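Architecture and fold: a report
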Amino acid sequence: MIPGALREEVARDGEPIVFVARDRLLEAMTWLKETPGQQFDYLVDVTAVEFRDRERPLQLVYFLRSLTRKADLRVKVELPASDQLAVDSVWSLWHGADWLEREVYDMFGITFRGHPDLRRILMWETYAEGFPLRKDFPLRGRFSRAEQVRQALNANPEAHYSLDELSIADAWGDLPDDMRERLKRGERGVVPE
Amino acid sequence: MTEVAGQSPNYLLAKFQDLVDWAVNSSRANSLWPMPFGTACCAIEFMATAASRYDFARFGMERQAFSPRQADVLICAGRLPFKLAPVIRRIYDQMPQPKWVISMGACASTGGIFDNYAMVQGIDTIVPVDVYVPGCPPRPEGLLYGVLLLHKKIRGESLFDAERRRDEQPLDDKGLRMSPAEIDEVSEPFGNSVHQFRSS
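Here the structure is a predicted model, which is why all the values come from computation and not from measurement. (Residues numbered from 1 in each chain as written. Chains lettered and ligands numbered in written order. Predicted model: local features only at pLDDT ≥ 70, side-chain atom pairs only at ≥ 80, totals over all residues.)

1. Observations concerning the packing of helix H2 (residues 41-50) of chain B against helix H5 (residues 140-155) of chain B
Residue and element names in this part refer to chain B. Rules: Axis lines are fitted through C-alpha atoms, for helices just across the contact stretch, and the angle between N-to-C directions can take any value from 0 to 180 degrees. Strands here are runs of E lasting at least two residues and helices are runs of H or I lasting at least four, both read from the DSSP assignment and numbered beginning at the N terminus. Note that the term roughly parallel is reserved for angles under 35 degrees, roughly antiparallel for angles over 145, roughly perpendicular for angles of 65 to 115, and oblique for everything else. Contact between two residues is assigned when their C-beta atoms, built from the backbone, lie within 7 Å. Classes in brief: Ala, Val, Leu, Ile, Met, Phe, Trp, Tyr, Cys and Pro nonpolar; Asp, Glu, Lys and Arg charged; the others, Gly included, polar.
Taken N-terminus to C-terminus, the directions of H2 and H5 make an angle of 75°; their axes are 9 Å apart at the nearest point. It follows that H2 is roughly perpendicular to H5 by the angle criterion. In this structure, H2 contributes Glu45, Phe46, Ala48 and Thr49 to the contact, and H5 contributes Pro140, Leu143 and Leu144. Its residues assigned to classes, the contact of H2 with H5 shows five nonpolar, one polar and one charged.

This is how it looks when you write it as structure tokens:
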């Protein structure tokens, strides 16, 4: 039995869905990955769903696959919007969760405790309008078009990257001075609240 | 210069300026080096235009410049997200004068169907645009027609007439190329998007 499992469902395509208590997510995931007979060794995707009905909690969805057993499983965690949107990161189990969790954070504002580098990934790091896939987010954004253009044009396209990410250590001598200075200071942009 | 009785002495000089303009403009128009900035499906049509069937090398665009330093015309083919806005502006700024911009397709020209938080509503809010090619995406004939219109526009320019001269268009102190009110105005929803509420 999966630790922390609350209930089970079957998706319309026949795939099993397991709802897990949010506090025991990491425990359940560890169990699913390491237990013989489960061996879900591959994290396919992490995403989230917010329903139009504001009463319903947000769902955080993990798509797991076992490459050895050729089996799929979806694990869901329910997060009430009134509560703090935070769960434990599964990065320690699957390093591939790094960018997937960053995307969920970027689009939904769900924070992952223990994530090594939780910043925006699709929107730029200084983006201050909120989390675009939330239902309370207006489709055209919160700022006026002129303000959006002003912020975009004043953005520094290179400020989003860190030294390890670009693997530009070899090209250190060719970098522009301001970029070198920023990287030396360890600056990687500011994660908005 | 011999003065013909009853005629303006400027006659020959004016004609000489026209001759210089004609020579300069013809050489510019007939050897445009395009800098392709393809971000979406328009870039596929752009590639078709460049390939052998439509072959815009026939109109002097033989060499595609994949460096802005050696390009004359920036062709933005496809939608432009806000994240790419400083990139295309930097490419534009890196191109030497004289330079022209073709906005290819509905998304580059107006934002198209992407009236949302992530998309620039027309690249003319970022860089000055000379020719807009409509279509979603435009067929290669459409782009070629846009290139021919650009030729026509180049032939109308003048080195000597300040009003018809091509000048650099830098950003202002706020980092914009038009006033905020103008940007808001050209970004207004139109067509089907007027039915979309701002809060929805």
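2. Remarks on the interface of chain A and chain B
Listed per partner, the contact involves 18 residues of chain A and 24 residues of chain B. For the side of chain A that touches chain B, a count of residues per class yields 10 nonpolar, four polar and four charged.

3. Regarding the pairing of strand E5 (residues 71-79) of chain A
All names here are of chain A. What counts here: Paired strands are those between which DSSP finds at least two bridges.
In this sheet, E5 lies alongside strand E2 (residues 16-20) in parallel orientation, the contact comprising four bridges. Bridging across to E5, Val20 finds its partner in Val77. Here nine bridges tie strand E4 (residues 58-66) to E5, and the two strands are oriented antiparallel to one another. Residue pairing across strands places Ser66 opposite Ala71, the latter belonging to E5.

4. Quick word on H5 of chain B
All names here are of chain B. Keep this limit in mind: Take the residue count of a helix, subtract one, and multiply by 1.5 Å to get its expected span. Buried means a residue has 20 or more other C-beta atoms within 10 Å of its own C-beta, exposed means 12 or fewer, and partly exposed covers the counts in between; C-beta atoms are placed from the backbone. Read the arc as the range of directions from the helix axis to the C-beta atoms.
Over its 16 residues, H5 runs 23 Å from end to end, which matches the ideal 22 Å to within 8%, given 1.5 Å per residue. Residues Leu143, Gly146, Val147, Leu150 and Ile154 constitute the buried set of H5. End-on view of H5: buried residues confined to an arc of 100°, all on one side of the axis. Away from its buried face by more than 90 degrees, H5 exposes Glu141 and Lys152.

5. What to know about the confidence of the model for chain B
The criterion, for reference: A score between 0 and 100, pLDDT records how confident the predictor is in each residue.
Taken over all residues, the pLDDT of chain B has a mean of 87, while the share at 70 or more is 90%. We note a pTM of 0.81 for the whole complex and an ipTM of 0.81 for its interfaces.

6. A closer look at the nonpolar core
Here is the rule we go by: By our criterion, buried Ala, Val, Leu, Ile, Met, Phe, Trp, Tyr and Cys residues that link up through C-beta atoms within 7 Å make up a nonpolar core.
Val73, Leu74, Ile75, Cys76, Ala85, Ile88 and Met104 of chain B are the most contacted members of the largest nonpolar core, which totals 49 residues. Those residues in contact with Ile88 of chain B that lie beyond four places of it in its chain are Phe37, Cys76, Leu80, Ile123, Ile126 and Val127 of chain B. Grouped together as the second largest cluster of nonpolar side chains are 29 residues, Leu32, Ala48, Val87 and Ala97 of chain A included.

7. What to know about the sheet that holds strand E3 (residues 100-104) of chain B
Residues and elements named next belong to chain B. Judged by pairing direction, the sheet is parallel, and its four strands sit side by side in the order E1-E2-E3-E4 without closing on themselves. Looking at strand neighbours, the two that pair on one side only are strand E1 (34-38) and strand E4 (131-133), the edges of this open sheet. If you compare each strand with its neighbour and ignore which way they point, the axes differ by 15° on average. With five bridges connecting them, E1 and strand E2 (residues 73-77) associate as parallel partners. The residue of E2 that forms the bridge with Pro36 is Ile75. In the packing of H5 onto the sheet, contacts are made with E2, E3 and E4, and the angle to E4 comes to roughly 170°.

8. What about the environment of Ala71 of chain A?
Residues and elements named next belong to chain A. The residue Ala71 is located in strand E5 in this model. The class of Ala71 is partly exposed, set by 14 C-beta atoms lying within 10 Å. In this structure, the C-alpha to C-alpha distance between Ala71 and Met123, residues 52 residues apart in sequence, is 34 Å.

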